[in-house]
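# A structural walkthrough
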Amino acid sequence: MANIVSTIQSLSYQCNCGNQHKIIEIEEIVVEKGALTRAVEFIKKKNYQSIKLIVDENTFKACGEVLSSLLKKEKLSYSVCFVEANENGDVVADERSLIQVLLETSGNEEVMIAVGSGTLHDITRFCSAKMGIPFISIPTAPSVDGFTSLGAPLIVKGVKQTFQLTSPVGVFADIDILSAAPRKMIAAGVGDMVAKYTSLADWKLDSLVTGEPYCPLAVQITQDALQLCTDNIDHIAAGDTKGITILIESLIQSGLAMLLFGQSHPASGGEHHISHFWEMQFLKENRHQVLHGEKVGVATILLATLYKERLLSVLEKDSLITQGDMPEEWKRNLLENKEEVLTIYKEIPNAEQIKGLIQKVSGPISYQDLSIEEELLLNALKEAHHLRNRFTGLKLLSMVGEKEFSTYLSV
Ligand SMILES: [Zn+2]
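Everything numeric in this text was worked out from a predicted model, so none of it was measured.

## Thoughts on empty space enclosed by the protein
As enumerated under the stated definition, the model contains one cavity of 30 Å³ or more in all. Estimated volume of the largest cavity: approximately 70 Å³. In this structure, the largest cavity is lined by Ser199, Asp202, Trp203, Asp206, His265, Ser268, Gly269, His273, Arg390, Phe391 and Thr392. Of the residues contributing to the lining of the largest cavity, the split by class is two nonpolar, six polar and three charged.

## A few points about the coordination of the zinc ion
In the first shell of the zinc ion, the protein supplies Asp192 (OD), Asp192 (OD), His272 (NE2) and His292 (NE2), at 2.1 to 2.8 Å from the metal. Bound by four donor atoms, the zinc ion shows angles of 51 to 148° at the metal and therefore irregular coordination geometry. When the donor residues of the zinc ion are listed from N- to C-terminus, their spacing reads D-x79-H-x19-H. Of this pair, Asp192 sits in helix H7 (residues 183–194) while His292 sits in helix H13 (residues 292–316), and the two are 100 residues apart along the sequence.

## Details of helix H16 (residues 338–346)
Listed in full, the buried residues belonging to H16 are Lys338, Val341, Leu342, Ile344 and Tyr345. Seen end-on, H16 carries its buried residues on one side only, within an arc spanning 160°.

## Details of the pattern of salt bridges
Summed over the entire model, instances satisfying the criterion amount to 19 salt bridges. Where Lys160 meets Glu279, a salt bridge forms, and the shortest distance between an N and an O atom there is 2.8 Å. With Lys160 in strand S7 (residues 159–164) and Glu279 in helix H12 (residues 270–284), this residue pair connects regions lying 119 residues apart in the sequence. For Lys160, a relative accessible area of 7% translates into the label buried. By relative accessible area, which is 10% here, Glu279 ends up buried. For the salt bridge of Asp234 with Lys360, the shortest nitrogen-to-oxygen distance reads 2.9 Å. On the criterion of sequence distance, the pair formed by Asp234 in helix H10 (residues 233–238) and Lys360 in helix H17 (residues 351–360) is long-range, its members being 126 residues apart.

## Some details on the pairing of strand S5 (residues 135–139)
Within S5, five of the five residues are buried, leaving the element largely enclosed by the surrounding structure. Alternating residues of S5 divide into Phe135, Ser137 and Pro139 and Ile136 and Ile138, and every residue in both groups is buried. When strand S4 (residues 111–116) meets S5, the two strands line up parallel, connected through five bridges. Following the sheet pairing, Gly116 is matched in S5 by Pro139. In terms of handedness, the path from S4 via helix H5 (residues 118–131) over to S5 forms a crossover that is right-handed. The pairing of S5 with strand S8 (residues 170–174) spans two bridges and is classified as parallel. When the bridges of S8 are listed, Ser137 appears paired with Val171.

Procedures and definitions
- Residues numbered from 1 in each chain as written.
- Predicted model: local features only at pLDDT ≥ 70, side-chain atom pairs only at ≥ 80, totals over all residues.
- Heavy atoms only, no water.
- 1 Å grid on protein atoms, 1.4 Å probe; cavity = no way out; pocket = protein on both sides within 12 Å on 5 of 7 lines; lining within 4 Å.
- Points joined across faces, edges and corners; volume = space filled by probe spheres on them.
- Nonpolar A, V, L, I, M, F, W, Y, C, P; charged D, E, K, R; others polar.
- Donors = N, O, S within 2.8 Å, 3.2 Å for Na, K, Ca; no water.
- Tetrahedral: all angles 85-135°; square planar, octahedral: opposite > 155°, others 65-115°.
- Helix = DSSP H or I, 4+ residues; strand = E, 2+ residues; numbered from the N terminus.
- Buried < 20%, exposed > 50% of the residue type's maximum accessible area, 1.4 Å probe, protein only.
- Arc of directions from axis to C-beta.
- Salt bridge = Lys/Arg side-chain N within 4 Å of Asp/Glu carboxyl O.
- Pairing = 2+ DSSP bridges.
- Right-handed = clockwise from strand over helix to strand, strands pointing away.

Shown next, in the form of structure tokens:
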């Protein structure tokens, strides 16, 4: 992993996709047993004098405590901010958590450290960017692919929105800590990875139909990460050192593709919009949250079915497209590129294959596994595409008048 940043950066100079690629400002990515010690060495090298750890109760126990004692041993000055859980026992990246961290940050800190998984990174990323203080990423579970990206998906006034903010200056993934993460967080990481099957398909569709910016290099990096994960699913399932190392590396690599492109297109398509929809509804109903990667994995299985069973047949009928509720230019582009679009969606693995991957790591494979009711499932299939402007297979189905999602309830 050590050279991945320079490899990607040099490939980006040769990329002629026409988009302005981001300069990757991550100075060190360390994935190994005992990486926490390397994090402390990095802090000393950077001469950060005042450090703020952003943790929650669980991640402090899993990692923050050991990290604190390492910092103490080196006589480095630090303080800890415990982000509080809401009344349902969940730590959420919403206004309340963001304000708590901002209030507990004096502005004299020279670095923040996100000690946790996705949510604590989203909170830290926002506060770090707004306070103009760099942050270090210390993942405590291989559960999401957002560690290395710029984006922070935040809940603002009940709506999940993604803000492009800042990347960490260093990522230190300690395999000892990640191996001790709850099994369901490892399964969630696999869920977030298999999502690339549908996110990459949706991105290609968007570029062909609406002219959305597209980058073959970001696609390749993401595809390689996905392949790395699926090729080694048995090691990941066994939870051995090799498996956990590969899972976190593939998540980091997927994050780097987003960072390079500057937005989440490579990693987030219709399946993420469905997941965001469910998450917002759970918050509205004061329900205990389900892990991001669990929701995303289930949504990917649903979309694989929907795309292969319904979208492909819609695309075969020109009349459905010409009568669709979308700009004329999009219709023209869809019809002109129909063969390519068909190929994109045919290449998505079958739902059963994706289920098989998630089942190997004992993750949830159906909406019932997530205690999602039929009504919430159907509403998400109909409405989730409104959450983002991106043109996805899900949006296309709705634009051609697909309303009968109930046939997919058996999925
Ligand atoms: Zn995700």
